[in-house]
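Observations on the model geometry
Each chain, letter by letter, is given below.
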Amino acid sequence: MAVWDDVVGQDRVTAQLAAAARDADARISAERAGREPARGEQPEPPSADPGGASQMTHAWLFTGPPGSGRSTAARAFAAALQCVSPDRALGGAPGCGFCDGCHTALIGTHADVEIVRTDLLSIGVKETRDLVRRSSLSPSGGRWQVIVLEDADRLTEGAGNVLLKAVEEPAPRTVWLLCAPSVEDVLPTIRSRCRLLSLRTPPVDAVADVLVRRDGIEPDAAARAARATQGHIGRARRLATDERARARRAAVLKLPLRVDDIGGCLKAAQELIDAAGEDAKQVAEEVDTKETEELRAALGAAAGTNGRLPRGTAGAMKELQDKQKRRSTRTQRDSLDLALVDLTGFYRDVLALQMGASVPLANDEVRDSVQRIATASTPERTLRRIEAVIACREALDRNVAPLLAVEAMTVALRAG
């Protein structure tokens, strides 16, 4: 299975990346041949596409809507750059998916591939400086030093300025792969130095197919999950495999029927916030305890000292607690945003019925509820409700108190 097989519904992008990987491989081969040339023989120059689309470059920016597979495409490209398959000598393309270089790059253990993601609200200057120092190193395997920054949109302004210098003047064998929802989420000075690749939302059928092929999910369940998430690969996989995710989504889809009065609006808002908080609590229980115990052990909190930490280590514990608190905040916001996306999909189905559109419903399992809301309102009111959900998401991005933002939304949903 080639590394590109998991990049779903992005044929144009994978073609560009595959061509760039071939060009990168040709450069490595030419350089190695140049160190020990045969008598009277000159190394072949690296391949290049006249239009420039296939030429290798040092910085790439992957953009696309959530679920389009930005990070998956970046990882696949990183694997292709590290491919060491012997088939390349016989004309095979880099990115076989089976060799040690491809396998370790894809699972995140390759010594020359750094996968950077954050479960916090932002990426700061300190973390970015560490990345820049890493980027200046020569690759240990002799091919490429690849840094995949999955959340480039979360760089603070200061962190972006730190990254700019490294992207502007990279080390000879360093490749930056930045991922963001849109070009506007990255500093203009950075994106102007990157080659842009725009991904699209993959087709529902393609997402269902990859769930069946890669994750072993039953075809009917895969089709339902892909349709419900409208092509979002990660959410579709979670919905198909996690019973709790299905239960939470079912609760969200009942909300439009519960906002008949102000009391119902406020109660529904509180339950939505509580559900997001429960998600954050579950993540904390799974991760925070392990992190805390590992740090305490590293700082020397031996079993015979009643768990007391040595002097001078309180600062490290406080830093970890602050990090865990920020992660909990992001988890809660991400969970809440996911619920709002599902709510938007519900009203999208309502509008489709009202307009007589010949499109399949994303939430066909609650068709009765969708039909009931569609019959009792007008397309104009449905559009205002969709706008209310979007306004709530924007308010949360501006750090408005979540409960206030959701209460304002539910009251607006009632008014239509």
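Look up a bit, the structure's there.
Residues numbered from 1 in each chain as written. Predicted model: local features only at pLDDT ≥ 70, side-chain atom pairs only at ≥ 80, totals over all residues. Heavy atoms only, no water.

**With respect to the packing of aromatic side chains**
Within this structure, the stated rule accounts for two aromatic pairs. Centre to centre, the rings of Trp60 and Phe77 are 5.1 Å apart; their planes meet at 75°, and the pair counts as edge-to-face. Here Trp60, found in strand β1 (residues 59–63), pairs with Phe77, found in helix α2 (residues 70–81); they are 17 residues apart in sequence, far enough to count as distant. With respect to burial, Trp60 and Phe77 carry one shared label: buried. Their ring planes at 85° and their centres at 5.5 Å tell us that Phe346 and Tyr347 sit as a pair that is edge-to-face. Accessibility classification places Phe346 together with Tyr347 in one group, the buried group. Above the ring of Trp60, the side-chain terminus of Arg195 is found at 5.2 Å from the ring centroid. (Phe/Tyr/Trp six-rings, centres within 6.5 Å; stacked < 30°, edge-to-face > 60°. Helix = DSSP H or I, 4+ residues; strand = E, 2+ residues; numbered from the N terminus. Buried < 20%, exposed > 50% of the residue type's maximum accessible area, 1.4 Å probe, protein only. Lys NZ or Arg CZ within 6 Å of the ring centre and 35° of its normal.)

**Some thoughts on the sheet that holds β1**
One open sheet holds the five strands; their spatial order is β2-β3-β4-β1-β5, and the pairing between them is parallel. The open sheet has two edge strands with one neighbour each: β2 (113–116) and β5 (195–198). Sheet twist, expressed as the mean angle between neighbouring strand axes with direction ignored, is 15°. (Pairing = 2+ DSSP bridges. Axes fitted to C-alpha atoms, helices over the stretch in contact; angles between N-to-C directions.)

**Remarks on unusual backbone geometry**
Positioned with a positive phi, Gln230 is a non-glycine residue whose angle comes to about 55°. For Gln230, the position within the fold is in the loop between α8 (219–229) and α9 (233–241). The phi angle at Asn399 is positive, at roughly 65°, despite the residue not being glycine. Topologically, Asn399 is positioned in the loop between α14 (379–397) and α15 (402–415).

**Side note on the packing of helix α12 (residues 314–355) against α15**
The geometry of α12 relative to α15 is characterised by a closest axis approach of 13 Å and an angle of 10° between their N-to-C directions. It follows from the interaxial angle that α12 and α15 lie roughly parallel. Across from Leu336, Leu340, Leu343 and Tyr347 in α12, the residues of α15 making contact are Pro402, Val406, Met409 and Leu413. (Parallel < 35°, antiparallel > 145°, perpendicular 65-115°, else oblique. Contact = heavy atoms within 4.5 Å.)

**Quick word on the environment of Glu127**
Inspection of the secondary structure puts Glu127 in helix α4 (residues 125–135). As for Glu127 and Asp185, which are separated by 58 residues in sequence, their C-alpha atoms are 19 Å apart.

**A word on the pattern of salt bridges**
The full count for this structure, using the stated rule, is 22 salt bridges. For Glu150, the salt bridge goes to Arg117, with nearest N and O atoms at 3.4 Å. Of this pair, Glu150 sits in the loop between β3 (145–149) and α5 (157–168) while Arg117 is found in the loop between β2 and α4, placing the two residues 33 residues apart along the sequence. Assessed through its relative accessible area of 12%, Glu150 is described here as buried. Where Asp215 meets Arg237, a salt bridge forms, and the shortest distance between an N and an O atom there is 3.2 Å. Separated by 22 residues along the polypeptide, Asp215 in helix α7 (residues 204–215) and Arg237 in helix α9 bring together distant segments of the chain. By sharing partners, the salt bridges in this structure join Asp6, Arg214, Asp215 and Arg237 into a single network. (Salt bridge = Lys/Arg side-chain N within 4 Å of Asp/Glu carboxyl O.)

**Side note on the environment of Leu336**
Relative to the elements of secondary structure, Leu336 occurs in helix α12. With 60 residues separating them in the primary sequence, Leu336 and Ala276 have C-alpha atoms 5.4 Å apart. Filtering out sequence-adjacent residues up to four positions away, Leu336 remains in contact with Leu272, Ile273, Ala276, Leu396, Pro402 and Val406.

**Structural notes on the nonpolar core**
In terms of nonpolar packing, the biggest core is built from 36 residues, with Leu17, Met56, Trp60, Phe62, Phe77 and Leu177 touching the most fellow members. Element by element, the count of residues in this core is highest for α2, at eight residues. Contact partners of Leu177, with chain neighbours within four places excluded, come to Trp60, Phe62, Ala74, Phe77, Ala78, Val146, Ile147, Val148 and Leu149. Leu255, Ile273, Ala388 and Val406 belong to the second largest nonpolar core, which has 30 residues in total. (Core = buried A, V, L, I, M, F, W, Y, C linked by side-chain atoms within 4.5 Å.)

**A word on the environment of Thr410**
Mapped onto the fold, Thr410 is located in helix α15. On the basis of relative accessible area, Thr410 is assigned to the buried category, the value being 0%. In this structure, the C-alpha to C-alpha distance between Thr410 and Cys265, residues 145 residues apart in sequence, is 5.2 Å. For Thr410, the contacting residues outside a window of four places in its chain are Leu255, Val259, Cys265 and Ala269.

**Focus on the side chain of Arg70**
Within the element layout of this structure, Arg70 appears in helix α2. One buried charged residue, Arg70, forms no salt bridge at all, with the nearest opposite charge on Asp153 at 5.6 Å. In terms of polar contacts, Arg70 uses its side chain to reach the backbone carbonyl oxygen of Gly64, at 2.5 Å. (Lys, Arg positive; Asp, Glu negative; His and termini not counted. Polar contact = N/O pair within 3.5 Å; in protein donor to acceptor, adjacent residues only side chain to side chain.)

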